[in-house]
Amino acid sequence: MTIESSLPQSIDSARLEQMRIEGKALLLDVRTAAEFESAHIPGSVNVPLALIEKHPEDLSAHINEEIIIICRSGARAQRAQKLLAGVGVLDTSVLTGGIEAWKSAQGAIKAGPTRWDLERQVRLVAGSLVLSSIALSAVAPKAKYVAGAIGGGLSFAALSNTCAMGAALQKLPYNRQGEVSLKEAQVRLRQHNA
């Protein structure tokens, strides 16, 4: 049996609410700082997936309790769960359906200025590129290959559960506002453990 297969896979919104009230787990939100600022579960700690991807060992040293990992829909949380398992953090669960399921279940939300989440930005950019390249192909026939490349990229993203376009969009200033440094993330995790 692999480490991955021994991980608790998910937790529903009702169970998370009970654990949140009891203070029994660290709620780790792995969305971008901008997404987190827009809306998050009170008491959750924001450590973006990009930071976990770069520094899993450095962050794991500051985790000493059960973790519920949260993102928009669950995909980034599952990736974070695997990364943390790779450095020995095994007491983790992923919020089924992410923050969207939490909102649907009428869970408590701390709201800030509205921002588009990363997945919505990817849909806008990918759709715009496909539409533009199809329209442009009327005068420049080779432009249709851009639409094909975007379709291939989206298919690969679905199969690999990664997203190169999302990774690129994360680097835009819009998504970097309030960005979390490694040192800041470590402080947040230590404060939660105190």
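Residues numbered from 1 in each chain as written. Predicted model: local features only at pLDDT ≥ 70, side-chain atom pairs only at ≥ 80, totals over all residues. Heavy atoms only, no water.

Details of the pairing of strand 2 (residues 26-29)
Along any regular strand, the residues point their side chains to alternate faces of the sheet. As a reminder of what qualifies: Only protein chains enter the accessibility calculation, which uses a 1.4 Å probe; a residue is then buried when its area is under 20% of its type maximum, exposed when over 50%, and partly exposed in between. Here a strand is any run of E in DSSP of at least two residues, a helix any run of H or I of at least four, and the numbering for each starts at the N terminus. A pair of strands is treated as paired once DSSP finds two or more bridges between them.
Here strand 2 shows no split at all, with L26 and L28 on one side and L27 and D29 on the other all buried. Strand direction decides the pairing type here: strand 2 and strand 5 (residues 67-70), joined by four bridges, are parallel. The partner of L26 across the bridge, within strand 5, is I67. Across two bridges, strand 2 lies against strand 4 (residues 45-46) in parallel orientation. Bridged to D29 within strand 4 is N46.

Description of the state of the cysteines
For clarity, the threshold we go by: A pair of cysteine sulfur atoms is labelled a disulfide when the two atoms are within 2.5 Å.
Across all of its chains, the model carries zero disulfides by this definition. Here C71 is not disulfide-linked; the sulfur of C163 is the nearest cysteine sulfur, at 13 Å. Judged by relative accessible area, which is 0%, C71 ranks as buried. Taking the relative accessible area as the measure of exposure, C163 reaches 32% and is therefore partly exposed.

Regarding helix 12 (residues 182-193)
Note the cut-off: By this rule, a helix spans an expected 1.5 Å times one less than how many residues it contains. Directions pointing from the helix axis toward each C-beta atom define the arc.
In this model helix 12 runs 17 Å from its N-terminal to its C-terminal C-alpha over twelve residues, within 8% of the 16 Å that 1.5 Å per residue would give. When we look at burial in helix 12, the residues that qualify are L182, A185, Q186 and L189. Down the axis, helix 12 shows its buried residues gathered within 100° of arc, on one side only. Pointing more than 90 degrees away from the buried face of helix 12 are the exposed residues K183 and Q191.

Focus: the side chain of H62
Filter applied, for reference: Residues count as neighbours in contact if any of their non-hydrogen atoms are within 4.5 Å of one another.
For H62, the location among the structural elements is in the loop between helix 5 (56-60) and strand 5. Not counting the four nearest positions on each side in its chain, H62 is found in contact with Q186, L189, R190 and N193.

Details of the nonpolar core
Heads up, the condition is: To define a nonpolar core, start from buried Ala, Val, Leu, Ile, Met, Phe, Trp, Tyr and Cys residues and group those joined through side-chain atoms within 4.5 Å.
Among the nonpolar cores identified, the biggest contains 24 residues, and V47 and I52 are the most heavily contacted of them. Secondary-structure elements contributing two or more residues to this core are strand 2, helix 4 (49-54), strand 5, helix 6 (75-85) and helix 12. In terms of residues, this core owes the most to one element, helix 6, which gives four residues. Apart from the residues within four sequence positions on either side, V47 is in contact with L28, D29, V30, I52, L59, A185 and L189. L16, M19, L27 and I41 belong to the second-largest nonpolar core, a separate cluster that totals eleven residues.

Points about the pattern of salt bridges
This is how the line gets drawn: Salt bridges are defined as contacts in which a side-chain nitrogen from Lys or Arg sits within 4 Å of a carboxyl oxygen from Asp or Glu.
Following the criterion strictly, the structure yields eight salt bridges and no others. Measuring nitrogen to oxygen at the nearest pair gives 2.8 Å for the salt bridge that ties D29 to R31. The exposure classification of D29 matches that of R31, with both residues buried. As a salt-bridge pair, E100 and K103 come within 3.8 Å of each other at their nearest N and O atoms. Taken together, the residues E100 and K103, both in helix 7 (residues 98-104) and three residues apart, mark about one turn of the helix. Assessed through its relative accessible area of 31%, E100 is described here as partly exposed. Residue classification places K103 among the partly exposed residues on the basis of a relative accessible area of 36%.

With respect to the UniProt feature "domain: Rhodanese" (unreviewed entry) in the protein chain
To be explicit about the condition: UniProt positions are given in the numbering used here, feature names are shortened, and annotations may be inferred rather than shown by experiment.
Per the UniProt annotation, the sites labelled "domain: Rhodanese" (unreviewed entry) are residues 21-111. For residues 21-111, the helix share is 41%, the strand share is 20%, and the end-to-end C-alpha distance is 19 Å.

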